[in-house]
Amino acid sequence: MQLATWNVNSLKMRLQHVLDWLAANPVDFLCLQETKLTDDKFPQEAIEAAGYGVIFTGQPTYNGVALLYRREGGYTPEGVHLDNPLFEDAQRRVVSARFGTPAGPVRVIGAYCPNGQAVDSDKYVYKLAWFAAMQQWIRQLQQEEPGTAIMLAGDFNIAPADADVHDPEKWADGILVSKPERAALQGLLDLGMHDAFRLFEQEPKFFSWWDYRMLGFRRNAGLRIDLILVTDDLKPQVTRCWIDKGPRKLEKPSDHTPVVVEWGAGA
DNA sequence: ATGGCGAGCAGGGCTCGA
């Protein structure tokens, strides 16, 4: 099985990229972030026509997330959440469901984690509170749904380590890399979660986001901030994790590109 | 040193992202 995450920076602008990518990469699950669409404008029909069911929650202009599941896989979402139930929030950043799979039950959480804007800003305070609440929720899920693995996939807006930053000196202690942000990510890892990408040997300087400005992609001026975390019970089943730079090379690309994880026997 | 691009909303020039 495969699960992917992709911040599309407007699903209205990127719908064709998503459909084309799914046709070439028929993953079982796809988490989308920054759909930037209200629910009445969500392209549910086009996604269903592509063979996927979808759960989504949006708002005008900002945020918005979706969770696609492949119909051929026979998946049925259970225990759906359009929010972290422990964190009251008007911003639409979380979508989650539990699925039975041949490799056992999995709860998928698709997340558009806050950006934080600048260290010590109001948005930064919100970001850290948001991560603390996510940690609490996952701890609760581990108690309430024992035997169900958890995959937390999305735009984390945190580069886990300097190896995930094109120019660590320039970014040092700034937003997306600051110590409190990395501690917030570590709080999730301390629950027994693992950054799937780092379970495998990877090429250095392999990023998931590149600045639109200053030829960021051509210069590989990027960050790895799109992550898939998997719980201990899933870790032995994970067979691959990679970043697909292909969509970043298209006309009018998202500034982020998909990250994919593969797990389960006969994946 | 700064801003550089892109999207949304709205019909100009902001905000926001990372």
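Residues numbered from 1 in each chain as written. Chains lettered and ligands numbered in written order. Predicted model: local features only at pLDDT ≥ 70, side-chain atom pairs only at ≥ 80, totals over all residues. Heavy atoms only, no water.

For chain A, the name recorded in an unreviewed UniProt entry is Exodeoxyribonuclease III, with Lautropia dentalis as its organism.

Caption draft 1: Spatial organisation of the overall build of chain A. Scanning chain A for helices and strands turns up five helices and 14 strands. Principal-axis analysis of the C-alpha atoms gives chain A an extent of 45 × 45 × 40 Å. Residue burial in chain A is summarised as follows: out of 267 residues, 57% are buried. When contacts within chain A are restricted to residue pairs at least 6 apart in sequence, long-range pairs at least 24 apart make up 69% of them. Accessible surface computed for chain A: about 11700 Å², of which carbon and sulfur atoms make up 51%. (Helix = DSSP H or I, 4+ residues; strand = E, 2+ residues; numbered from the N terminus. Buried < 20%, exposed > 50% of the residue type's maximum accessible area, 1.4 Å probe, protein only. Contact = heavy atoms within 4.5 Å. Areas by Shrake-Rupley, 256 points an atom, 1.4 Å probe, with all protein chains shown as cover.)

Caption draft 2: Structural view of unusual backbone geometry. With phi around 60 degrees, Asn 63 is a residue other than glycine that occupies positive phi space. Mapped onto the secondary structure, Asn 63 falls in the loop between β3 (52-57) and β4 (65-70). Despite not being glycine, Asn 220 shows a phi value in the positive range, around 55 degrees. Given the relative accessible area of 22%, Asn 220 is considered partly exposed.

Caption draft 3: Focus on the protein's contact with DNA strand B. Around DNA strand B, 26 residues are found, and the nearest of them are Ser 10, Asn 115, Trp 209, Arg 213 and Met 214. Between a phosphate oxygen of DNA strand B and a side-chain N or O atom of Glu 34, the distance comes to 2.9 Å. Here a phosphate oxygen of DNA strand B sits 3.2 Å away from a polar atom, N or O, in the side chain of His 256. Looking at the surface near DNA strand B, the element that brings in the most residues is helix α1 (residues 11-24), giving three residues. (Near = heavy atom within 4 Å. Polar contact = N/O pair within 3.5 Å; in protein donor to acceptor, adjacent residues only side chain to side chain.)

Caption draft 4: Up close: helix α5 (residues 179-189). Taken together, the buried positions of α5 are occupied by Glu 181, Ala 184, Leu 185, Gly 187 and Leu 188. What you see down the axis of α5 is that its buried residues fit within an arc of 150 degrees, all on one side. (Arc of directions from axis to C-beta.)

Caption draft 5: Up close: the packing of aromatic side chains. Under the criterion given, the structure shown has ten aromatic pairs. Ring geometry for Phe 87 and Tyr 126: centres 6.0 Å apart, planes at 40 degrees, overall tilted. Of this pair, Phe 87 sits in the loop between β5 (78-81) and β6 (94-99) while Tyr 126 sits in helix α3 (residues 122-144); the two residues are 39 residues apart in sequence, bridging distant segments of the chain. The two residues Phe 87 and Tyr 126 agree in class, both being buried. When the ring centre of Trp 242 is taken as reference, the NZ or CZ atom of Arg 240 above it lies at 3.8 Å. For the cation-ring pair, Lys 245 lies above Phe 206, with the distance from its terminal atom to the ring centre recorded as 4.2 Å. (Phe/Tyr/Trp six-rings, centres within 6.5 Å; stacked < 30°, edge-to-face > 60°. Lys NZ or Arg CZ within 6 Å of the ring centre and 35° of its normal.)

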